[in-house]
Amino acid sequence: ESRVLRTVPLLAACLPEDKCKVLIGRRFGEERYPELAAICRKPGTFILYPGAEAANLEELSLEDNHHPHSLIIIDGTWSQAKDIFYKNSLFRLPKQVQLKTTVSSQYVIRTQPTNTCLSTLECAAIALSIMEKNTEIQQTILRPLQALCSFQLQHGAQIHHSKEHLLKNGQYKKPMPKNKRKLKKMELLVNNVKI
């Protein structure tokens, strides 16, 4: 919420108001968010969060017309998203799905951890186009992001390569972390190991 160039406001502006609900916070309990709890319990609800238990969204059969589908997407840095996912039991009720894509992020004014990490807006655009079987959705939702990045680049912003790219090409300028866990993650990025 504190970052100036966020993609969720773009997503909310691209979708009809009744089709996109944005909840701000870190803790989402059933008492405080009964509408979210009800959606999490519905059989047609998915949560977009990668992991060993997550199904590939493209391989799911979404032909079940008895239940409308809902998609929950957690926005934040990777560590914030992980914290939100694991500390909110409501988010383990829906079916966990992930995107298996090799697409590089178009959000070039922000540094991503790896070449295939995507912004929240990009994830939503790809997921919705898969669920609706309509590639025009992805193009429509990504247009404002492309315009934002183009505008920023025209006014002095620099293209940011992923941390993975910078490490592999010896261009990473920051000091290496002292924390062994973080150092190990960076080594895995350089050696093309999935984290």
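Residues numbered from 1 in each chain as written. Predicted model: local features only at pLDDT ≥ 70, side-chain atom pairs only at ≥ 80, totals over all residues. Heavy atoms only, no water.

The chain is annotated in an unreviewed UniProt entry as tRNA-uridine aminocarboxypropyltransferase from Eleutherodactylus coqui. A UniProt comment under Catalytic activity (unreviewed entry) is attached to the chain, and it reads "a uridine in tRNA + S-adenosyl-L-methionine = a 3-[(3S)-3-amino-3-carboxypropyl]uridine in tRNA + S-methyl-5'-thioadenosine + H(+)". Note on the chain: under the UniProt heading Sequence similarities (unreviewed entry), the record states "Belongs to the TDD superfamily. DTWD2 family." (UniProt positions renumbered as here; feature names shortened; annotations may be inferred.)

A.B. asks: When you look at the packing of helix H4 (residues 120-132) against helix H5 (residues 135-154) in this model, what are you seeing that I'm missing?
C.D. replies: Angle between the axes and distance between the axes are the two parameters that describe a pair of packed helices. Two elements in contact, H4 and H5, have axes separated by 7 Å at closest approach and are oriented at 165°. As the angle between them shows, H4 and H5 are arranged roughly antiparallel. In terms of crossing hand, the pair formed by H4 and H5 is right-handed. Together, Leu121, Glu122, Ala125, Ile126, Leu128, Ser129 and Glu132 of H4 and Thr135, Ile137, Gln138, Ile141, Leu142 and Leu145 of H5 make up the contact between the two elements. When grouped by side-chain class, the residues that make up the contact of H4 with H5 number eight nonpolar, three polar and two charged. (Axes fitted to C-alpha atoms, helices over the stretch in contact; angles between N-to-C directions. Helix = DSSP H or I, 4+ residues; strand = E, 2+ residues; numbered from the N terminus. Parallel < 35°, antiparallel > 145°, perpendicular 65-115°, else oblique. Left-handed = near helix turned anticlockwise from the far one by under 90°. Contact = heavy atoms within 4.5 Å. Nonpolar A, V, L, I, M, F, W, Y, C, P; charged D, E, K, R; others polar.)

A.B. asks: Explain a positive patch on the surface here, please?
C.D. replies: A cluster of basic residues, Lys82, Arg181, Lys182 and Lys185, forms a positive patch on the protein surface. Among the elements that take part in the positive patch, helix H7 (residues 180-190) stands out by supplying three residues, more than any other. (Patch = residues over 30% accessible without salt bridge, like charges linked within 9 Å, V, L, I, M, F, W, Y side chains within 5 Å. Areas by Shrake-Rupley, 256 points an atom, 1.4 Å probe, with all protein chains shown as cover. Salt bridge = Lys/Arg side-chain N within 4 Å of Asp/Glu carboxyl O. Lys, Arg positive; Asp, Glu negative; His and termini not counted. Charge placed at Lys NZ, Arg CZ, Asp CG, Glu CD.)

A.B. asks: Help me understand the environment of Tyr86, please; the structure alone is not making it clear to me.
C.D. replies: Residue position: Tyr86 is located in helix H3 (residues 78-87). Tyr86 sits in the partly exposed class, given a relative accessible area of 45%. Not counting chain neighbours up to four residues away, the residues in contact with Tyr86 comprise Tyr49 and Arg92. (Buried < 20%, exposed > 50% of the residue type's maximum accessible area, 1.4 Å probe, protein only.)

A.B. asks: Can you walk me through the pattern of salt bridges in this structure?
C.D. replies: If the charged atoms of two oppositely charged side chains come close together, the side chains can form a pair. This structure, assessed with the given rule, holds three salt bridges. Its salt-bridge partner being Arg27, residue Asp83 comes within 3.3 Å of it at the nearest N-O pair. Separated by 56 residues along the polypeptide, Asp83 in helix H3 and Arg27 in the loop between helix H1 (8-14) and helix H2 (34-41) bring together distant segments of the chain. Glu30 is the partner of Arg41 in a salt bridge, and the nearest nitrogen-oxygen pair spans 3.0 Å. Of this pair, Arg41 sits in helix H2 while Glu30 sits in the loop between H1 and H2; the two residues are 11 residues apart in sequence, bridging distant segments of the chain. Note on Glu30: relative accessible area 38%, which makes it partly exposed.

A.B. asks: How should the sheet that holds strand S3 (residues 70-73) be read in this particular structure?
C.D. replies: Adjacent strands of a sheet pair through backbone hydrogen bonds, lying either parallel or antiparallel. Taking strand neighbours across the sheet as the criterion, the four strands line up as S2-S4-S1-S3 in an open arrangement whose pairing is parallel. What marks the edges here is a single partner per strand, and that holds for strand S2 (55-56) and S3. Bridge count between S2 and strand S4 (residues 95-98): two bridges; the pairing is parallel. The residue of S4 that forms the bridge with Ala55 is Val97. (Pairing = 2+ DSSP bridges.)

A.B. asks: Any chance you could explain unusual backbone geometry here in plain terms?
C.D. replies: Most peptide bonds take the trans configuration, and most residues that are not glycine carry a negative phi. The phi dihedral of Lys133 is positive, around 55°, even though this residue is not glycine. When you line up the elements, Lys133 lands in the loop between H4 and H5. For Lys133, a relative accessible area of 58% corresponds to the exposed category.

A.B. asks: Any chance you could explain the pairing of strand S1 (residues 45-48) here in plain terms?
C.D. replies: A regular strand places its side chains on the two faces of the sheet in alternate fashion. The two faces of S1 match: Thr45 and Ile47 on one face and Phe46 and Leu48 on the other face are all buried. Bridge count for S1 against S3 is four bridges, and the pairing is parallel. Paired with Thr45 across the two strands is Ser70, which belongs to S3. Note: S1 against S4, three bridges, orientation parallel. Residue pairing in the sheet places Leu48 in a bridge with Val97 of S4.

A.B. asks: Any chance you could explain the packing of aromatic side chains here in plain terms?
C.D. replies: Applying the stated criterion to the full structure yields five aromatic pairs. Between Tyr49 and Phe85, the ring centres sit 4.1 Å apart and the planes meet at 10°, which makes this aromatic pair stacked. Of this pair, Tyr49 sits in the loop between S1 and S2 while Phe85 sits in helix H3, and the two are 36 residues apart along the sequence. Residue Tyr49 is classed as buried on the basis of its relative accessible area of 9%. Among the aromatic side chains, those forming a connected cluster through ring pairs are Phe28, Tyr33 and Phe91. The lysine or arginine in question, Arg92, covers the ring of Phe85, its NZ or CZ lying 5.9 Å from the ring centre. (Phe/Tyr/Trp six-rings, centres within 6.5 Å; stacked < 30°, edge-to-face > 60°. Lys NZ or Arg CZ within 6 Å of the ring centre and 35° of its normal.)

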